[in-house]
Amino acid sequence: MTRRQLRENIFKILFKLEFNSVDEMTEQMEFSLEDVSEISENDIAYITNKTNKIISLISDIDSIIAEVSSGWKLDRIGKAELAILRLAIYEMKYDEDVPFKVAINEAVELSKIYCNEEAKSFVNGVLAKVEE
């Protein structure tokens, strides 16, 4: 599985956080990964590990989003956009394996697929305000 595919699966799981409690996310992760065809044990471990790290830092990540998304409260941000921002900010701030610009680019690419046309500009604008 490519990094982009791994990231997309993590995004899909994070999206479910808006509809489930943190306690339910282990089960939601299992459901999500059951639907993925041809996934290796290494890919499952990577997705699970990274998703759990993001969830454990969700309040810190949400604080960063609130700080840089001037005029936008978290509950006004679309659910898909919020999941994308959470993933990207985690990668930008906490994942040394992902270059800053790659995290932004990948977030914009996800927004092109899963959000409306204006979302890519919003996601790019918010992430551009996050400092390295």
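Each value, and the rule that gives it
Residues numbered from 1 in each chain as written. Predicted model: local features only at pLDDT ≥ 70, side-chain atom pairs only at ≥ 80, totals over all residues. Heavy atoms only, no water. Core = buried A, V, L, I, M, F, W, Y, C linked by side-chain atoms within 4.5 Å. Buried < 20%, exposed > 50% of the residue type's maximum accessible area, 1.4 Å probe, protein only. Helix = DSSP H or I, 4+ residues; strand = E, 2+ residues; numbered from the N terminus. Contact = heavy atoms within 4.5 Å. Phe/Tyr/Trp six-rings, centres within 6.5 Å; stacked < 30°, edge-to-face > 60°. Lys NZ or Arg CZ within 6 Å of the ring centre and 35° of its normal. Salt bridge = Lys/Arg side-chain N within 4 Å of Asp/Glu carboxyl O. Axes fitted to C-alpha atoms, helices over the stretch in contact; angles between N-to-C directions. Parallel < 35°, antiparallel > 145°, perpendicular 65-115°, else oblique. Left-handed = near helix turned anticlockwise from the far one by under 90°. Nonpolar A, V, L, I, M, F, W, Y, C, P; charged D, E, K, R; others polar.

> How would you explain the nonpolar core if you had to name every residue and give the values?
Formed by 44 residues in total, the largest nonpolar core has its most connected members in Ile-54, Leu-85 and Leu-127. Where this core is concerned, the elements lending two or more residues are helix H1 (3-16), helix H2 (25-34), helix H3 (41-56), helix H4 (58-68), helix H5 (79-94), helix H6 (100-114) and helix H7 (119-128). Take this core: its biggest share by element is ten residues, from H5. For Ile-54, the contacting residues outside a window of four places in its chain are Ile-10, Leu-14, Ile-61, Arg-86, Leu-87 and Tyr-90.

> Quick one: what's the story with the packing of aromatic side chains, residue by residue and with numbers?
By convention here, two paired aromatic rings are described through the distance between centres and the angle between planes. Per the stated rule, a full pass over the model turns up five aromatic pairs. Ring centres 6.4 Å apart and planes at 45 degrees place the aromatic pair Phe-11 and Phe-15 in the tilted group. You can see Phe-11 and its partner Phe-15 sitting in helix H1, four residues apart, about one turn around the helix. Using a relative accessible area of 29% as the deciding quantity, one classes Phe-15 as partly exposed. Taken together, Phe-11, Phe-15, Phe-19 and Tyr-114 form an aromatic cluster joined through their ring pairs. Sitting over the ring of Trp-72, Arg-76 keeps its end group 4.4 Å from the ring centre.

> Can you tell me about the pattern of salt bridges, naming the residues and giving the values?
With the rule as written, the count across this model stands at nine salt bridges. Between Arg-7 and Glu-91 there is a salt bridge, with its nearest N and O atoms 3.0 Å apart. Placement of Arg-7 in helix H1 and of Glu-91 in helix H5 is noted, with a sequence separation of 84 residues between them. Take Arg-7 and Glu-91: they sit in the same class, and that class is buried. For Glu-117, the salt bridge is made with Lys-120, and the minimal N-O distance between the two is 2.9 Å. A relative accessible area of 55% means that Glu-117 is categorised as exposed. Salt bridges here are not isolated pairs; linked through shared partners, they connect Arg-4, Arg-7, Lys-50, Glu-91, Asp-95 and Glu-106.

> I'd love a proper account of the packing of H5 against H7, names of residues and values included.
As a packed pair, H5 and H7 sit with axes 11 Å apart at the nearest point and diverge in direction by 30 degrees. Here H7 runs roughly parallel to H5, going by the angle between their axes. In this structure, H5 meets H7 at a crossing whose hand is right-handed. Contact with H5, carried on its side by Glu-81, Ile-84, Leu-85, Ala-88, Ile-89 and Met-92, involves Ala-119, Phe-122, Val-123, Val-126 and Leu-127 of H7 and no other residues of that element. Taken together, the residues that form the contact of H5 with H7 break down as ten nonpolar, no polar and one charged.

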